[in-house]
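Chain by chain, the residues:
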Amino acid sequence: MKHLEDYENSPLRSADTVIAGLRIYLGFVLFWKAIEFFFNQTVFLQYFETMGEFWFAPVAWLHFVFLVHVFGGICLIGGMGTRWASLMQIPVVGAAVFLIHLPALLNTSIQANVAEAYLAIFSLVLLLFFSVRGSGTYSIDYKTVYEEEHHDDEQHHHGHHA
């Protein structure tokens, strides 16, 4: 029973812990995908083959996606600028979902990587969530922005001015 009492008072009980865990997971997934695409460019370039002539500069897109995923992944892992990092990822992951993975899943003549498709869809849902919700309590955003605002409100409320 001691373990249950410890859990009751633990920060692990909070929904913020789940939110932080999902945010960190998403950050690592995006960072990993950037590294994977960069070191295995043939997979990335194969995605463009299925899209036809619409995409004319796959190497430029590779560098763009790499930078967006690395920067956004690091920001999400730490909870720094979470909303902006998420918003920056949405067009890239949305394009992957709607232009690459969903058409492959719906077309039986194209061999789809189902696990990659579901990972992209789940990542897009999480990005939409974090772009609205923000980073949560366990983040650099919360420690810097919220606590600073809260501290300023307390000083203003008590009549103290900095």
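S.K.: Outline the packing of aromatic side chains, listing residues and values.
M.R.: Counting across every chain of the model gives four aromatic pairs. Seen from their ring centres, Tyr 25 and Phe 122 are 6.2 Å apart, and the 50° between their planes marks the pair as tilted. A residue pair is termed long-range when its members are at least 10 positions apart, and Tyr 25 in helix H2 (residues 15-39) and Phe 122 in helix H6 (residues 114-133) qualify at 97 residues. Both rings, one in Phe 38 and one in Phe 66, keep their centres 4.6 Å apart while their planes meet at 35°; by these two values the pair is tilted. In this pair, Phe 38 sits in helix H2 while Phe 66 sits in helix H4 (residues 58-78), placing the two residues 28 residues apart along the sequence. By relative accessible area, Phe 66 is classed as buried at 19%.

S.K.: Can you tell me about H6, naming the residues and giving the values?
M.R.: When the terminal C-alpha atoms of H6 are compared, their 28 Å separation across 20 residues agrees well with the 28 Å that a helix rising 1.5 Å per residue should span. Taken together, the buried positions of H6 are Glu 116, Ala 117, Ala 120, Ser 123, Leu 124, Leu 126, Leu 127, Phe 130 and Ser 131. Looking one or two places after H6, you find Gly 134, whose phi comes out positive at around 90°.

S.K.: Tell me about the packing of H4 against helix H5 (residues 82-106), and please be specific about residues and values.
M.R.: Between H4 and H5, the least distance of the axes is 9 Å, while the angle of their chain directions is 150°. As H4 packs across H5, the resulting crossing turns out to be left-handed. Across the interface between the two elements, Phe 64, Val 65, Val 68, His 69, Phe 71, Gly 72, Gly 73, Cys 75 and Leu 76 of H4 pack against Thr 82, Ala 85, Ser 86, Met 88, Gln 89, Val 92 and Val 93 of H5.

S.K.: Break down the side chain of Gln 89 for me, with residues and values.
M.R.: Assignment of secondary structure puts Gln 89 in helix H5. Sequence-distant contacts of Gln 89, that is, excluding residues within four places in its chain, are made with Leu 30, Val 68, His 69, Gly 72, Gly 73 and Leu 127.

S.K.: How would you sum up H4? Please name residues and give values.
M.R.: With 21 residues, H4 should reach 30 Å at 1.5 Å per residue; the first-to-last C-alpha distance of 30 Å fits that figure. Those residues of H4 that fall on the buried side of the exposure criterion are Leu 62, Val 65, Phe 66, Val 68, His 69, Val 70, Gly 72, Gly 73, Cys 75, Leu 76 and Gly 78. The first or second residue beyond H4 is Gly 79, which carries a positive phi of 75°.

S.K.: Explain a nonpolar patch on the surface to me, and be specific about the residues and the numbers.
M.R.: Side chains of Ile 74, Met 80 and Ile 140 sit close together on the surface and give an oily, nonpolar patch of about 230 Å² of accessible area. Mapped onto the secondary structure, Ile 74 falls in helix H4.

S.K.: Tell me about the nonpolar core, and name the residues and values.
M.R.: Counting residues in hydrophobic clusters, the biggest one holds 14 residues, and the most contacted among them are Leu 26, Leu 30, Leu 76, Val 93 and Leu 127. Sorting the residues of this core by element identifies H2, H4, H5 and H6 as the ones contributing at least two each. The dominant element in this core, judged by the number of residues it contributes, is H6, at five residues. With sequence-adjacent residues up to four places away left out, Leu 26 is seen in contact with Leu 76, Ser 123, Leu 126, Leu 127 and Phe 130.

S.K.: Describe the confidence of the model for the protein chain, and please don't skip the residues or the numbers.
M.R.: Per-residue pLDDT for the protein chain averages 81, and the proportion of residues at 70 or more is 73%. Predicted confidence in the protein chain is weakest over helix H1 (residues 2-8), with a mean pLDDT of 57, and strongest over H6, with 94.

S.K.: Describe the packing of H2 against H6, listing the residues and the values that go with them.
M.R.: Remark: H2 packs on H6, axes separated minimally by 10 Å, with the N-to-C direction vectors making an angle of 125°. The angle between the axes of H2 and H6 places the two elements in the oblique class. Read as a crossing pair, H2 and H6 show a hand that is left-handed. Where H2 abuts H6, its residues Asp 16, Ile 19, Leu 22, Arg 23, Tyr 25, Leu 26, Val 29, Leu 30 and Lys 33 lie against Glu 116, Leu 119, Phe 122, Ser 123, Leu 126, Leu 127, Phe 129, Phe 130 and Arg 133. Residues of the contact of H2 with H6, tallied by class, amount to 12 nonpolar, one polar and five charged.

The rules behind these values
- Residues numbered from 1 in each chain as written.
- Predicted model: local features only at pLDDT ≥ 70, side-chain atom pairs only at ≥ 80, totals over all residues.
- Heavy atoms only, no water.
- Phe/Tyr/Trp six-rings, centres within 6.5 Å; stacked < 30°, edge-to-face > 60°.
- Helix = DSSP H or I, 4+ residues; strand = E, 2+ residues; numbered from the N terminus.
- Buried < 20%, exposed > 50% of the residue type's maximum accessible area, 1.4 Å probe, protein only.
- Expected span 1.5 Å × (residues − 1).
- Axes fitted to C-alpha atoms, helices over the stretch in contact; angles between N-to-C directions.
- Left-handed = near helix turned anticlockwise from the far one by under 90°.
- Contact = heavy atoms within 4.5 Å.
- Patch = residues over 30% accessible without salt bridge, like charges linked within 9 Å, V, L, I, M, F, W, Y side chains within 5 Å.
- Areas by Shrake-Rupley, 256 points an atom, 1.4 Å probe, with all protein chains shown as cover.
- Salt bridge = Lys/Arg side-chain N within 4 Å of Asp/Glu carboxyl O.
- Core = buried A, V, L, I, M, F, W, Y, C linked by side-chain atoms within 4.5 Å.
- pLDDT = per-residue confidence, 0-100.
- Parallel < 35°, antiparallel > 145°, perpendicular 65-115°, else oblique.
- Nonpolar A, V, L, I, M, F, W, Y, C, P; charged D, E, K, R; others polar.

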